[in-house]
Amino acid sequence: QVQLVESGGGLVQAGGSLRLSCAASGRTFKTYAMGWFRQAPGKEREFVATINFSGSTTYYADSVKGRFTISRDNAKNTVYLQMNSLKPEDTAVYYCAAETAPFRAPVRSLYEYDNWGQGTQVTVSS
């Protein structure tokens, strides 16, 4: 069992930046691949970014590549999503998720993640 708590969401103007944080409980965080997903009203949850256990490998959705950066601090049991050059279409609830099988490769499919946070709202105004 792992508990994930997102924070850092809010209202920002187009072109602005936000940094989301996801704090994890447990003693095995450093073995998890972690991911960020988002869900806009009336739409399916979609992949945003993922990072392997050490932070050496990352993948991004085409829609955010070059604007968003995923990172982690294993000493703090925390994963981050730095979001720059935000657009109104980035508006969504953002979720962090853990792939708890130790040292598993990071993946884009939400079905590979077995623990999820409660989400944090990001709203980008024009």
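Since the model is a prediction, treat every value here as computed from it, not as a measurement. (Residues numbered from 1 in each chain as written. Predicted model: local features only at pLDDT ≥ 70, side-chain atom pairs only at ≥ 80, totals over all residues. Heavy atoms only, no water.)

Digging into the overall build of the protein
- Summing up its helical and strand segments, the protein has 0 helices and 11 strands in all.
- When the helices and strands of the protein are read in sequence order from the N terminus, they spell out β-β-β-β-β-β-β-β-β-β-β.
- Taking 2.2 N^0.38 as the reference for a compact globule, 126 residues should give roughly 14 Å; the C-alpha atoms of the protein span a radius of gyration of 13 Å, in line with that estimate.
- Taking the principal axes of the C-alpha coordinates as reference, the protein spans close to 40 × 25 × 25 Å.
- Taking all 126 residues of the protein together, the buried fraction comes to 44%.
- Partitioning the intrachain contacts of the protein with sequence separation of at least 6 by distance along the chain shows that 58% fall at a separation of at least 24.
- When the accessible surface of the protein is totalled, it reaches about 6,500 Å², and 47% of it is carbon and sulfur.
- Of note, the protein has its 13 positive side-chain charges centred 6 Å away from the centre of its 10 negative side-chain charges. (Helix = DSSP H or I, 4+ residues; strand = E, 2+ residues; numbered from the N terminus. Rg over C-alpha atoms; globule rule 2.2 N^0.38 Å. Buried < 20%, exposed > 50% of the residue type's maximum accessible area, 1.4 Å probe, protein only. Contact = heavy atoms within 4.5 Å. Areas by Shrake-Rupley, 256 points an atom, 1.4 Å probe, with all protein chains shown as cover. Lys, Arg positive; Asp, Glu negative; His and termini not counted. Charge placed at Lys NZ, Arg CZ, Asp CG, Glu CD.)

Thoughts on the packing of aromatic side chains
- For the structure shown, the criterion picks out 6 aromatic pairs.
- Pairing Y113 with W116 gives two aromatic rings, centres 6.4 Å apart and planes at 65°, and the pair type is edge-to-face.
- On the accessibility criterion, W116 (28% relative accessible area) is partly exposed.
- The ring of W116 has R45 lying over it, and the distance from NZ or CZ to the ring centre is 5.0 Å.
- The ring of F29 carries the charged tip of R72 above its face, separated from the ring centre by 4.6 Å. (Phe/Tyr/Trp six-rings, centres within 6.5 Å; stacked < 30°, edge-to-face > 60°. Lys NZ or Arg CZ within 6 Å of the ring centre and 35° of its normal.)

A look at unusual backbone geometry
- The backbone of S85 shows a phi angle near 50°, a positive value even though the residue is not glycine.
- Positionally, S85 belongs in the loop between β8 (78–83) and β9 (92–99).
- When its relative accessible area of 41% is taken as the criterion, S85 is described as partly exposed.
- Phi is positive for F103, which is not a glycine, with a value near 60°.
- Mapped onto the elements, F103 comes out in the loop between β9 and β10 (115–116).

A short note on the pairing of strand β5 (residues 46–51)
- A large share of β5 lies buried, amounting to 5 of its 6 residues.
- As paired strands, strand β4 (residues 33–39) and β5 are joined by 5 bridges and run antiparallel to one another. Across the sheet, residue W36 finds its bridge partner in β5, namely A49.
- Between β5 and strand β6 (residues 58–60), which pair antiparallel and follow one another directly, the connecting turn spans 6 residues, one of which, G55, has a positive phi of 90°. (Pairing = 2+ DSSP bridges.)

Concerning the nonpolar core
- Formed by 34 residues in total, the largest nonpolar core has its most connected members in M34, W36, L81, M83 and Y94.
- The set of elements that each furnish at least two residues to this core consists of β3 (18–24), β4, β5, β7 (68–73), β8, β9 and β11 (120–125).
- Broken down by element, this core gets its largest block of residues, 5 residues, from β9. (Core = buried A, V, L, I, M, F, W, Y, C linked by side-chain atoms within 4.5 Å.)

Keep in mind these numbers describe shape, not what the thing actually does.
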